[in-house]
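Now for the letters of each chain:
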Amino acid sequence: MTCWPSVIVATPAHSGVSASLSYRSELLLAPGTLVRVPLGKREVLGVVWDCPTEPPEGLTDSQTREVTGTLDGLPPLNARWRQLVKFAGQYYQRSLGEVALAALPPQLRELDNTQLARRLKRRTQAAAQPAESKLDQQTQPALSAEQAEALSVLDTASVPVLLFGATGSGKTEVYLRATQRVLDAQGTGGTPTQVLVMVPEINLTPQLEARFRERFEPLYGAGAVVCLHSGMTPAQRLASWLSAHTGVARIVLGTRMAIFASLPGLRLIVVDEEHDPSYKSQEGARYSARDLAVYRAKIESEALSTAGGVAGTRCQVILGSATPSLESWHAADQGRYLRLAMPARIGGGSLPRLRLVDMNHQPKGAVIAPPLLAAMGERIARGEQCLVLLNRRGYAPVLACHDCGWKSGCPHCSAYRVFHKLDRTLRCHHCGFTERVPRACPDCGNLDIAPVGRGTEQVEEQLAALLADARRPDGQPPRVARMDADSTRLKGSLETQLAALHSGEVDVLVGTQMIAKGHDFRRITLVAGINVDAALFASDHRAPERLFALLMQAGGRAGRDAAHSAASEMWVQTWTPEHPLFAALKTHDFPAFAAEQLAEREIAGMPPFGAQALLRADARTQAAAQAFLNLAAAQAVGLPHRDAITLYPAVPLTIQRVANVERAQLLVESASRGALQRFLSAWGPVLHDCRSAPEARGLVRWAVDVDPQVI
Ligand code: ADP
Ligand code: ZN
Ligand code: ZN
């Protein structure tokens, strides 16, 4: 019997190719089947979306080409998965083909059926390895009262759960127990139950992965826990994907891309550190993995309830954070999410005390204020550790000539190149352009060119000097180390550095926000943020929210050992100690901070009280970029819901030029998310047309960013 499957293939977002292409097949193909199809002169991977037995109208047999073959042995992608990618494409204004194919592991395109069969076999063998039952040897800690309460409420929650737990309150144990319950439960139709656990950056939280493996591998076998993140090789990614898709893997631990993993038995999604901006993709389909997690859990639950399984069976979602996003907080205020608070730290320890240092009253030019330095010396003498947070890597953000005013600008970007002293380079952090530091000023020949401002390299160097007289309990001078994107570039170096900190080899660790993330360091009793003011005055309205989260997180690294917690401190050097953010930070009062921020946003009509999108344009000239945007705005007249939409004038981005491309954007706002969505859908074809208008000559690319994180 001949049928005419419509197949989704990878299409560029704005290529104009319609959602699916029609092919011919002598076999009836189930929706979701992975196939190879001819496209032009190539053969590409595709997903069957539908398989009508009548030829599509206007198409004859001779016009349609035959499906080349199916990917044997792979069950079709299920309806929920297809609904997820369809929704993501629509909501984030990208083509279905782009979203669907980007969600599949790239190596799937390259393998023939024999190679695929071999890989599938390897996966199932991994699973078949006998899982020695170490159940009774397992050391599961007795739950704290708060954890037990959270878990019992979780049992009955029918909406997404916002787990608002202080740093060190034991959120991970709640995730582990919730996962255990899901894995114990019977799956429907022979599909084993599965759990998706998402983290912002897997490398920064090796402990989380270790704890999941430790807990579940003895019970469910070595193949039961797999990772999915962009740092994996194509072969590793395929292996994990196959495990998840075939139900061999029971737990997928991954970064934002994991939200698209095929998980036929999905029953629980955990989004750890749900406020983290890295859940929002900044390229391609600019999706929010956190928001998609909520959507995905909803459609999975609906399917489970209509499938007539055990009553009340559903797919739950847990969003965990000590400093939730204002979007999630607001949803909990409204009752759309269920807020579960775990304010107490495990072991009854307290959160670190805030010590604000007013830099207006410190010696001029002091990098580290004398009282902070003294406090660090005392900690070191007691064998405790300190973390120093500075969100700027390199030695100095600029190198300058004081004679002629030359600065180390990047020739390709409207930004300065950063001075890296260790390898004596000037590096652009935006386009990567790197050169050796010049011996003399390139403009006037002056030999005396000097760094301006401070980065982590310099603070590391200066702290080592400033603390030279301090002594560890063993009489040795303290060891200062640095951890940032530069120091951890080499494979394995992050692990080595973390190990040095855990073993107590390092006394003071200087680093970027990387050091503030989920690590469970036991001997840190002092955390210091030394240059935080920039975030308070940034034009971006989310900057205070991010700073608050960062400082709370960083502070959360201190005093995790209850024995030390009473004496643990969070120091912040600031020029504006009167800023209200610090008052809330002092009392660890996130609810107060959130309430105040939300009140401000409500007045301004900003998210979550209104919806936003950005139209972004990159072009050879700033004029062309802006012309495209302004034309797009002008052409929007008469589109559905246009009167419910505010289109702001086009403006250059803060860093206007990167790698010789000029960047501009236009803000789109509406009080109604629905109106914004419908307007954007209608605007899409218009944008496509504007691209070829004479005004837009020199346009390189454009994109829509729905729910943008950075404006
Ligand atoms: P969070 O993720 O909330 O910051 P963690 O999950 O890292 O906190 O827990 C903090 C510490 O407390 C960890 O070392 C963890 O092993 C420990 N812990 C968690 N729950 C318990 C418990 N019920 N009993 C004893 N220790 C616990
Ligand atoms: Zn000069
Ligand atoms: Zn550059």
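Here is a short report on the structure shown in this document. (Residues numbered from 1 in each chain as written. Chains lettered and ligands numbered in written order. Predicted model: local features only at pLDDT ≥ 70, side-chain atom pairs only at ≥ 80, totals over all residues. Heavy atoms only, no water.)

1. Some details on the coordination of the zinc ion (ligand 2)
Piece 1. Protein coordination at the zinc ion (ligand 2): the donors are Cys401 (SG), Cys404 (SG), Cys441 (SG) and Cys444 (SG), at 2.3 Å from the metal.
Piece 2. Coordination at the zinc ion (ligand 2) is tetrahedral, judged from the 4 donor atoms that bind it and the angles of 103 to 114° they form at the metal.
Piece 3. Overall, Cys401 belongs to the buried group, its relative accessible area being 3%.
Piece 4. Among the residues examined, Cys441 registers a relative accessible area of 4% and is labelled buried. (Donors = N, O, S within 2.8 Å, 3.2 Å for Na, K, Ca; no water. Tetrahedral: all angles 85-135°; square planar, octahedral: opposite > 155°, others 65-115°. Buried < 20%, exposed > 50% of the residue type's maximum accessible area, 1.4 Å probe, protein only.)

2. Section: the packing of helix α14 (residues 543-555) against helix α17 (residues 590-604)
Piece 1. At a closest axis distance of 11 Å, the pairing of α14 and α17 adopts a crossing angle of 170°. Taken together, the axes of α14 and α17 lie roughly antiparallel to each other. On the side of α14, the interface is formed by Pro544, Glu545 and Phe548, while α17 contributes Phe590, Phe593, Gln597 and Arg601.
Piece 2. For the contact of α14 with α17, a count of residues per class yields 4 nonpolar, 1 polar and 2 charged. (Axes fitted to C-alpha atoms, helices over the stretch in contact; angles between N-to-C directions. Helix = DSSP H or I, 4+ residues; strand = E, 2+ residues; numbered from the N terminus. Parallel < 35°, antiparallel > 145°, perpendicular 65-115°, else oblique. Contact = heavy atoms within 4.5 Å. Nonpolar A, V, L, I, M, F, W, Y, C, P; charged D, E, K, R; others polar.)

3. Focus on empty space enclosed by the protein
Any space left empty among the atoms is revealed by the rolling of a water-sized probe across them.
Piece 1. Across all of its chains, the model carries 2 cavities of 30 Å³ or more by this definition.
Piece 2. Quantified by volume, the largest cavity comes out at close to 90 Å³.
Piece 3. In terms of lining, the largest cavity is formed by Thr167, Leu351, Pro352, Leu354, Leu551, Met552, Gly555, Gly556, Met570, Leu585 and His588.
Piece 4. A total of 3 residues in the lining of the largest cavity trace back to one element, the largest contributor, which is α14.
Piece 5. When its residues are assigned to classes, the lining of the largest cavity shows 7 nonpolar, 4 polar and no charged. (1 Å grid on protein atoms, 1.4 Å probe; cavity = no way out; pocket = protein on both sides within 12 Å on 5 of 7 lines; lining within 4 Å. Points joined across faces, edges and corners; volume = space filled by probe spheres on them.)

4. Some remarks on the coordination of the zinc ion (ligand 3)
Piece 1. For the zinc ion (ligand 3), every protein donor is listed as Cys410 (SG), Cys413 (SG), Cys428 (SG) and Cys431 (SG), and the spread of their distances is 2.3 to 2.4 Å.
Piece 2. Relative to the metal, the 4 donor atoms surrounding the zinc ion (ligand 3) lie at angles of 105 to 112°, and the coordination shape comes out tetrahedral.

5. A short note on the site of ligand 1
Piece 1. Around ligand 1, 18 residues are found, and the nearest of them are Ala142, Gln147, Gly168, Thr172 and Asp520.
Piece 2. For ligand 1, an oxygen atom lies 3.1 Å from a polar atom in the backbone of Gly170.
Piece 3. For ligand 1, whose accessible area on its own is 560 Å², the fraction buried by protein is 77%.
Piece 4. When its residues are assigned to classes, the shell around ligand 1 shows 5 nonpolar, 7 polar and 6 charged. (Near = heavy atom within 4 Å. Polar contact = N/O pair within 3.5 Å; in protein donor to acceptor, adjacent residues only side chain to side chain. Areas by Shrake-Rupley, 256 points an atom, 1.4 Å probe, with all protein chains shown as cover.)

6. Examining the sheet that holds strand β21 (residues 480-483)
Piece 1. Across the sheet, which stays open at both edges, the 6 strands sit in the order β14-β24-β23-β15-β22-β21 with parallel pairing between neighbours. Because the sheet does not close on itself, it has two edges, and the strands there are β14 (353-358) and β21. Along the sheet, successive strands turn relative to each other by an average axial angle of 20°, direction set aside.
Piece 2. Pairing geometry for strand β15 (residues 385-389) and strand β23 (residues 524-529), over 5 bridges, is parallel. Paired with Leu387 across the two strands is Val527, which belongs to β23.
Piece 3. Docked against the sheet, α14 engages β15, β23 and β24 (569-574), running at close to 145° with respect to β24. (Pairing = 2+ DSSP bridges.)

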